[in-house]
Amino acid sequence: QVRLVESGGGLVQTGGSLRLSCGASGSIFSINAMGWYRQAPGKQREWVATITSGGTINHADSVKGRFILSRDNAENTVYLQMNSLKPEDTAVYYCNARAFSGNYWGQGTQVTVSS
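Residues numbered from 1 in each chain as written. Predicted model: local features only at pLDDT ≥ 70, side-chain atom pairs only at ≥ 80, totals over all residues. Heavy atoms only, no water.

**Q** Can you help me understand the environment of Ala97 in this one?
**A** Within the secondary structure, Ala97 is located in strand β9 (residues 91-99). Spatially, the C-alpha atoms of Ala97 and Thr109 are 16 Å apart, while their sequence positions differ by 12 residues. Once residues within four sequence positions are removed from consideration, Ala97 is found in contact with Val2, Leu4, Ile31, Ala33, Met34, Gly102, Asn103 and Tyr104. (Helix = DSSP H or I, 4+ residues; strand = E, 2+ residues; numbered from the N terminus. Contact = heavy atoms within 4.5 Å.)

**Q** Would you take a moment to explain the packing of aromatic side chains for this structure?
**A** Given two aromatic rings, their pairing is described by the distance between the two centres and the angle made by the two planes. The tally for this structure, following the rule as stated, stands at two aromatic pairs. For the ring pair Tyr37 and Trp105, a centre distance of 5.1 Å and an interplane angle of 70° mean the geometry is edge-to-face. With a gap of 68 residues between them, Tyr37 in strand β4 (residues 31-39) and Trp105 in strand β10 (residues 102-105) connect regions that are remote in the sequence. Owing to a relative accessible area of 35%, Trp105 belongs among the partly exposed residues under this scheme. A connected cluster of aromatic rings, assembled from ring pairs, spans Tyr37, Tyr94 and Trp105. (Phe/Tyr/Trp six-rings, centres within 6.5 Å; stacked < 30°, edge-to-face > 60°. Buried < 20%, exposed > 50% of the residue type's maximum accessible area, 1.4 Å probe, protein only.)

Below, the structure written as structure tokens:
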């Protein structure tokens, strides 16, 4: 089992920045990749960014150049630095971990970007 705890959401104006954190605990040795998804009201959950256990990082085109995913291995934490935020980035952001034992999700953190 893997437990994910997120923090860092909030309300920000257009053009502002936020940093999300996701700490993993439990069977972290079984994790193959960690990342972030988001779900806006009335829309399907969409992928934002992922980092593999080998360190390969990918970002969705919609956030590329604005969001940066990083990892602190010592703290078992991944971060999503979000810059130049737009109203369309408003969503609940979910941390995700893909492990041999299954697919795990955090509780979600709300990000609201005002225009």
